[in-house]
Amino acid sequence: MIGLRRAALAALFVAGCAVLASAQGLEPVLPDPAQEARAQELHKRIRCLVCQNQSIHESNAELARDLRAVVRERVAAGDTDDQAVAYLVARYGDWVLLRPPLNGRTLLLWLGPPFILGAALIRTGVYFVRSRRTIPEFKPLSSEEKARVAELLGEERQG
Amino acid sequence: MRPALVVPVALFAVVAVALAVGLGLKPREIPSALIGQPVPAFALDPVENFGPGLSNEDLRGQVTIVNVFASWCVPCRAEHQLWVDVAKTGLPIFGLNYKDTPANASAWLAQLGNPYQRTGADRQGRVGIDFGVYGVPETFVIDHNGIIQLKFIGPVDRVALETQILPKVRALQALVQPAPAR
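Draft legend 1. Quick look at the overall build of chain B. Helix and strand content of chain B: 5 helices and 7 strands. Tracing chain B from N to C terminus, the helices and strands come up as α-β-β-β-α-β-α-β-α-β-β-α. Along the first, second and third principal axes, the C-alpha set of chain B runs to 75 × 40 × 30 Å. When each of the 182 residues of chain B is scored for burial, the buried share is 47%. Contacts in chain B between residues at least 24 apart in sequence constitute 74% of all its contacts with a sequence separation of at least 6. Carbon and sulfur atoms make up 61% of the accessible area of chain B, which amounts to about 9,400 Å² in all. Once the 15 positive and 14 negative side-chain charges of chain B are each reduced to a mean point, those two points are 7 Å apart.

Draft legend 2. Just the overall build of chain A, in detail. Counting its secondary structure elements, chain A contains 6 helices and 0 strands. Overall, chain A shows an N-to-C arrangement of helices and strands of α-α-α-α-α-α. Counting only residues that meet the buried cut, chain A has 25% of its 159 residues in that class. A fraction of 51% describes how many contacts in chain A between residues 6 or more apart in sequence connect residues 24 or more apart. When the accessible surface of chain A is split by element, carbon and sulfur atoms take 64% of a total near 11,900 Å².

Draft legend 3. Summary view of the interface of chain B and chain A. Each partner contributes residues to the interface: chain B has 15 residues there, and chain A has 16 residues. Each partner contributes to the roughly 1,400 Å² buried at the junction of chain B and chain A, and carbon and sulfur atoms together form 50% of this total. Per-residue buried area on chain B facing chain A is highest for B:Ile30, B:Arg126 and B:Ile129; these three make up 37% of the total on that side. Counting across the interface, chain B meets chain A through 4 salt bridges. One salt bridge in this structure joins B:Arg126 and A:Glu73, with 2.7 Å as the shortest N-O distance. One can count 6 residue pairs in polar contact (both at pLDDT 80 or more) joining chain B with chain A. If one sorts the elements of the side of chain B that touches chain A by residue count, helix α4 (residues 126-130) of chain B sits on top with 4 residues. The class makeup of the residues in the side of chain B that touches chain A is 8 nonpolar, 3 polar and 4 charged.

Draft legend 4. The arrangement of the packing of aromatic side chains in detail. Counting across every chain of the model gives 6 aromatic pairs over all chains. Between the aromatic rings of B:Phe69 and B:Trp108, the centroid separation amounts to 5.4 Å while the plane-to-plane angle is 20 degrees, which identifies the pairing as stacked. With B:Phe69 in strand β3 (residues 64-69) and B:Trp108 in helix α3 (residues 102-112), this residue pair connects regions lying 39 residues apart in the sequence. Exposure remark for B:Phe69: the relative accessible area of 0% places this residue in the buried category. Residue classification places B:Trp108 among the buried residues on the basis of a relative accessible area of 3%. Taken together, the ring pairs connect B:Phe42, B:Phe131 and B:Phe140 into an aromatic cluster. The side chain of A:Arg47 reaches across the aromatic face of A:Trp95, ending 4.1 Å from its centre.

Draft legend 5. Seen up close, the pattern of salt bridges. On inspection of all chains with the given rule, the structure shows 15 salt bridges over all chains. A salt bridge links B:Lys99 to A:Asp66, with the nearest nitrogen and oxygen atoms 2.3 Å apart. Of this pair, B:Lys99 sits in the loop between β4 (93-98) and α3 while A:Asp66 sits in helix α3 (residues 62-76), on two different chains.

Draft legend 6. Spatial organisation of the environment of B:Arg77. Residues and elements named next belong to chain B. Positionally, Arg 77 belongs in helix α2 (residues 74-87). Separated by 15 residues in sequence, Arg 77 and Gln 62 place their C-alpha atoms 27 Å apart. Beyond its immediate chain neighbours, meaning those up to four positions away, Arg 77 contacts Trp 108, Gln 111 and Leu 112.

Draft legend 7. Structural context of the side chain of B:Ser106. All names here are of chain B. Mapped onto the fold, Ser 106 is located in helix α3. For Ser 106, a relative accessible area of 11% corresponds to the buried category. Apart from the residues within four sequence positions on either side, Ser 106 is in contact with Val 47, Glu 48 and Phe 50.

Draft legend 8. Focus on the pairing of strand β6 (residues 138-142) of chain B. Residue and element names in this part refer to chain B. Within β6, 5 of the 5 residues are buried, which leaves it mostly tucked inside the rest of the structure. Residues Glu 138, Phe 140 and Ile 142 point to one face of β6 and Thr 139 and Val 141 to the other, with burial holding for every one of them. Strand direction decides the pairing type here: β3 and β6, joined by 5 bridges, are antiparallel. Its bridge partner being in β6, Ile 65 is matched across the sheet by Val 141. The pairing of β6 with strand β7 (residues 148-153) spans 5 bridges and is antiparallel. Each bridged residue has a counterpart across the sheet, and for Phe 140 the counterpart in β7 is Lys 151.

Calculation notes
Residues numbered from 1 in each chain as written. Chains lettered and ligands numbered in written order. Predicted model: local features only at pLDDT ≥ 70, side-chain atom pairs only at ≥ 80, totals over all residues. Heavy atoms only, no water. Helix = DSSP H or I, 4+ residues; strand = E, 2+ residues; numbered from the N terminus. Buried < 20%, exposed > 50% of the residue type's maximum accessible area, 1.4 Å probe, protein only. Contact = heavy atoms within 4.5 Å. Areas by Shrake-Rupley, 256 points an atom, 1.4 Å probe, with all protein chains shown as cover. Lys, Arg positive; Asp, Glu negative; His and termini not counted. Charge placed at Lys NZ, Arg CZ, Asp CG, Glu CD. Buried area = accessible area lost by both parts, 1.4 Å probe. Salt bridge = Lys/Arg side-chain N within 4 Å of Asp/Glu carboxyl O. Polar contact = N/O pair within 3.5 Å; in protein donor to acceptor, adjacent residues only side chain to side chain. Nonpolar A, V, L, I, M, F, W, Y, C, P; charged D, E, K, R; others polar. Phe/Tyr/Trp six-rings, centres within 6.5 Å; stacked < 30°, edge-to-face > 60°. Lys NZ or Arg CZ within 6 Å of the ring centre and 35° of its normal. Pairing = 2+ DSSP bridges.

This is the structure in structure tokens:
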């Protein structure tokens, strides 16, 4: 009896979590689970234009909901991932992608940081190589120098 | 001057200027992907009692303004009187009523005045998405050939009207001859 009640509560809890876990809640999903999964992966790549730093997968904004529906519609119509994304890019520009594409306008964005890191590493390397070179090489003392050292040490001992 | 001293200072200056410029940009104003593109194909019924309806065919042959509005949009209310004033000059302004209920949209236009020669009721917001609308109000200037030439995001005030929108309209009116129909 107790076991049964516990099981029922657990089932209720799991069901509740499942509802809360998705921002979409009661949205109509695609009948084909594989297509729905693809649509949801695409949702994660699309920026919510209202909230700007959330994907439409995470956002509760009305426009995000509409765009989720548009992506589902494109997927259901047989679009590939790229075609579905291109559909939105044509309307909202590259900005709608959370991961900006590599093109002429984003070259600095993509290549700037690695370039600066590379330049810094090269400069640091040059610094160390140079500083090592400036350390005078060790040469054994000549016999004259040895005699001088012995002389000085001898003076010290006497003094 | 030794380069070891000049180079870091110069680098710092470049970065500082770039960041200062970046701070002044408005991240809310996303550049439209549709500038220079033809208006999307659409055909909408009018807002009840404020017809005729609106389609992409109506956006050819003259320079037009398409204003995206909704009764639930507070900034739309702020800019509305300006459009009523502009409409009196004879410039064709068309209203795209975005995700609104027919009753609310009609009541809104009845109360505040109707500057629109045509209206289109986009109840599902799909035409809005085709126009790249992400927040109302938005305003488009469209040339003789139905090409989107300017997008203004947010409520238009008198300064924006006089310095951005109307100069664009006048330039297009002066510039373009209607292209032969394809």
